[in-house]
Amino acid sequence: MAPSDDPLSSYLGLLPAQAEARVLRLLIDLGRRVVGADEGSLLVYDAERRVLVFAMTLGSEEAEAEARLKGQVVPLGEGRTGMAAEFRTVQVGAPAFHDIEFQQHKERGGSEPDIVLAAPMIWDDTLVGVITAVSFDSEKRFTQDDATVYEEFAGIAAFVVAQWQRLQLHEAASAVPDSLPADSSARAELELLQRVHRLVRRGPDTLRQVNSLLDAVEKMVGE
């Protein structure tokens with residue numbers, strides 16, 4: 001993904017001004033306020049690279065924080081955030097992955113949070129991303145109740161994304177005009193695109209299988 005690309009658009013097809021994107025922002029902001037965090041972020045899952053990509057950040061000086069974090073990646077299994085995605089469980093604790101350039105916190109004078117709360121966004125057994133809450137207060141501790149609440153917020157965020165994708169599928173399914181002849185190449189192309197679209201939405205394993213099949217077809221046609 002190019003640095004100028006917006007992760008929400010690149011990975012989820014969501015534009016910042018769309019209602020679903022605004023709902024996600026509200027969820028992240030409300031979630032981090034409920035658990036008393038300084039910043040909250042949403043990271044989307046890149047199945048091909050097996051990394052999480054920062055897509056939005058809200059909280060203290062959020063415009064600067066979001067600009068700095070957007071597009072940065074966390075590998076699955078690395079740190080609290082990567083572990084939340086890898087093991088699909090809520091993770092709480094001190095940062096254990098230090099390649100992220102966090103927003104400077106003026107009162108603390110540091111460059112990374114003291115504690116992280118990360119919850120996986122999962123829908124229909126598919127990993128969508130992770131939402132995080134961080135605090136720059138060395139005395140802050142996230143409780144088990146905080147973890148439970150944030151897990152619920154992550155579930156709602158995953159539901160919003162899933163509903164958006166289902167809407168897109170519905171629109172794609174109805175995109176083939178009845179006026180197109182059944183044996184026309186245009187109709188065949190649209191129907192093929194719809195089938196591929198439905199398949200890749202099943203999850204990263206199916207996506208990799210589809211890519212492998214397409215590679216094989218391209219090689220065969222090229223010959």
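Our structure's up above, just so we're on the same page.
Overview of the structure. On a predicted model such as this, the values are computed, not experimentally measured, just so you know.

## A few points about the pattern of salt bridges
Inspection of every chain in the model, using the stated rule, returns six salt bridges. For D29, the salt bridge is made with R33, and the minimal N-O distance between the two is 3.1 Å. Placement of the pair is D29 and R33 together in helix 2 (residues 19-34), with a separation of four residues, close to one helical turn. Looking at D29, the relative accessible area reads 17%, which means it is buried. Relative accessible area serves as the criterion here: at 55%, R33 is assigned to the exposed category. Close ionic contact of E86 with R50 constitutes a salt bridge, the shortest N to O distance being 3.1 Å.

## A look at the sheet that holds strand 5 (residues 115-123)
One open sheet accounts for six strands, arranged 3-2-1-6-5-4; its pairing is antiparallel. Edge positions in the sheet fall to strand 3 (73-75) and strand 4 (91-93), since each has one partner strand and no second. Put simply, the sheet's adjacent strands are angled 25° from each other on average, direction ignored. Sheet strands touched by helix 2: strand 1 (39-46), strand 2 (51-59) and strand 6 (126-135). Its angle to strand 2, the strand with the most contacts, is close to 70°.

## Thoughts on the nonpolar core
Judged by nonpolar contacts, the single largest core of 33 residues is most densely connected at L8, L24, L42, M121 and I131. At nine residues, helix 5 (residues 144-173) tops the list of elements feeding residues into this core. In this structure, L43, V74, A118 and L127 belong to the second largest nonpolar core, which totals 14 residues.

Analysis parameters
- Residues numbered from 1 in each chain as written.
- Predicted model: local features only at pLDDT ≥ 70, side-chain atom pairs only at ≥ 80, totals over all residues.
- Heavy atoms only, no water.
- Salt bridge = Lys/Arg side-chain N within 4 Å of Asp/Glu carboxyl O.
- Helix = DSSP H or I, 4+ residues; strand = E, 2+ residues; numbered from the N terminus.
- Buried < 20%, exposed > 50% of the residue type's maximum accessible area, 1.4 Å probe, protein only.
- Pairing = 2+ DSSP bridges.
- Axes fitted to C-alpha atoms, helices over the stretch in contact; angles between N-to-C directions.
- Contact = heavy atoms within 4.5 Å.
- Core = buried A, V, L, I, M, F, W, Y, C linked by side-chain atoms within 4.5 Å.

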